[in-house]
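Each chain, letter by letter, is given below.
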Amino acid sequence: MPGKSKSDEKDTKRRAEKSETVFDSLRKKGHRITAQRETILAIFREQEHGTHLSAEELYSILKERGSNVSLATTYRTLKLLSQLGLLRELDFAEGHKHYELKQDNVPHQHIICLGCNTTLEFEDHFLEEAGQKIGSRYNFDVIDAQFKIFGMCPNCREQKRKTGRPTNR
Ligand SMILES: [Zn+2]
Ligand SMILES: [Zn+2]
């Protein structure tokens, strides 16, 4: 991994600034910013770009940090933060949910390998706009627009060519 560049630092700063306005808007909507929610958002902000955490993964990070939060509360908080548009709830190929920080400045989508579950991200403004447009057609306030592409990654394709099967899970 290359070291943090200037633009990364700027990015982190911008994200920190954004989180303040996020908390302000939460307060205005009457949601209490519990230390727990704050901690959870902070954990997501610390993750390397492109990281997706499951509730269980987040839960074990919280435990490592000495939090006494329950798994049920972790689930509920993730749901709430997703409904508020702060996190994105993602349903990948393996069928259980992952979460990531929602960053309005970088709308990104996912391409998922059905062989090994590798998940890559790609940026595309057009898909985000299409989601907004279709949502407004139904008079929805669109919180998120997700587009998933499923397929076989080059590794699995090669594996399949050799053995007739994709990579073992
Ligand atoms: Zn992602
Ligand atoms: Zn694969």
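Report follows, based on the coordinates. (Residues numbered from 1 in each chain as written. Chains lettered and ligands numbered in written order. Predicted model: local features only at pLDDT ≥ 70, side-chain atom pairs only at ≥ 80, totals over all residues. Heavy atoms only, no water.)

Topologically, Phe92 is positioned in the loop between β2 (87–91) and β3 (97–101). In this structure, the C-alpha to C-alpha distance between Phe92 and Lys148, residues 56 residues apart in sequence, is 8.5 Å. Apart from the residues within four sequence positions on either side, Phe92 is in contact with His52, His98, His110, Ile112 and Thr119. (Helix = DSSP H or I, 4+ residues; strand = E, 2+ residues; numbered from the N terminus. Contact = heavy atoms within 4.5 Å.)

Attention now goes to the sheet that holds strand β1 (residues 53–54). Pairing is antiparallel across the open sheet formed by three strands, whose spatial order is β1-β3-β2. Edge strands, defined here as strands with exactly one partner in the open sheet, are β1 and β2. Pairing of β1 with β3, which is carried by two bridges, proceeds in the antiparallel orientation. When the bridges of β3 are listed, Ser54 appears paired with His98. (Pairing = 2+ DSSP bridges.)

This part covers the coordination of the zinc ion (ligand 2). The coordination sphere of the zinc ion (ligand 2), as far as protein atoms go, consists of Cys113 (SG), Cys116 (SG), Cys153 (SG) and Cys156 (SG), spread over 2.2 to 2.3 Å. Each of the four donor atoms around the zinc ion (ligand 2) contributes to a set of angles spanning 106 to 113°, which defines the coordination as tetrahedral. Using a relative accessible area of 3% as the deciding quantity, one classes Cys113 as buried. The exposure class of Cys116 is partly exposed, given its relative accessible area of 29%. (Donors = N, O, S within 2.8 Å, 3.2 Å for Na, K, Ca; no water. Tetrahedral: all angles 85-135°; square planar, octahedral: opposite > 155°, others 65-115°. Buried < 20%, exposed > 50% of the residue type's maximum accessible area, 1.4 Å probe, protein only.)

All right, on to the coordination of the zinc ion (ligand 1) then. Protein-derived coordination of the zinc ion (ligand 1) comes from His52 (NE2), Glu100 (OE), His108 (NE2), His110 (NE2) and Glu121 (OE), at a distance range of 1.8 to 2.3 Å. Sequence positions of the donors to the zinc ion (ligand 1) reduce to the motif H-x47-E-x7-H-x1-H-x10-E. Within this pair, whereas His52 is found in the loop between α2 (35–46) and β1, its partner Glu121 is found in strand β5 (residues 119–123), the two being separated by 69 residues in sequence. With relative accessibility at 13%, the residue His52 sits in the buried group. Classification of Glu121 by relative accessible area gives partly exposed; the value is 26%.

Looking now at the pattern of salt bridges. Per the stated rule, a full pass over the model turns up eight salt bridges. Residue Lys102 is joined to Glu128 by a salt bridge in which the shortest nitrogen-to-oxygen separation is 3.9 Å. Residue Lys102 is found in the loop between β3 and β4 (108–113), and its partner Glu128 is found in helix α5 (residues 125–137); the two are separated by 26 residues along the sequence. No difference in accessibility class separates Lys102 from Glu128, as the two residues are buried. A salt bridge links Asp144 to Lys102; the shortest N-O distance between them is 3.9 Å. Residue Asp144 is located in the loop between α5 and β6 (148–151), and its partner Lys102 is located in the loop between β3 and β4; the two are separated by 42 residues in the primary sequence. (Salt bridge = Lys/Arg side-chain N within 4 Å of Asp/Glu carboxyl O.)

The subject of this paragraph is a nonpolar patch on the surface. On the surface, Ile111, Leu120, Phe147 and Ile149 cluster together to form a nonpolar patch covering roughly 320 Å² of accessible area. Mapping Leu120 onto the fold places it in strand β5. (Patch = residues over 30% accessible without salt bridge, like charges linked within 9 Å, V, L, I, M, F, W, Y side chains within 5 Å. Areas by Shrake-Rupley, 256 points an atom, 1.4 Å probe, with all protein chains shown as cover.)

A few words now on the packing of α2 against helix α3 (residues 55–64). Close contact between α2 and α3 brings their axes to 11 Å; oriented N to C, the two are set at 110°. For the element pair α2 / α3, the angle class is roughly perpendicular. Contact residues: Thr39, Ile40, Ile43 and Phe44 in α2; Leu58, Ile61 and Leu62 in α3. A per-class count over the contact of α2 with α3 returns six nonpolar, one polar and no charged. (Axes fitted to C-alpha atoms, helices over the stretch in contact; angles between N-to-C directions. Parallel < 35°, antiparallel > 145°, perpendicular 65-115°, else oblique. Nonpolar A, V, L, I, M, F, W, Y, C, P; charged D, E, K, R; others polar.)

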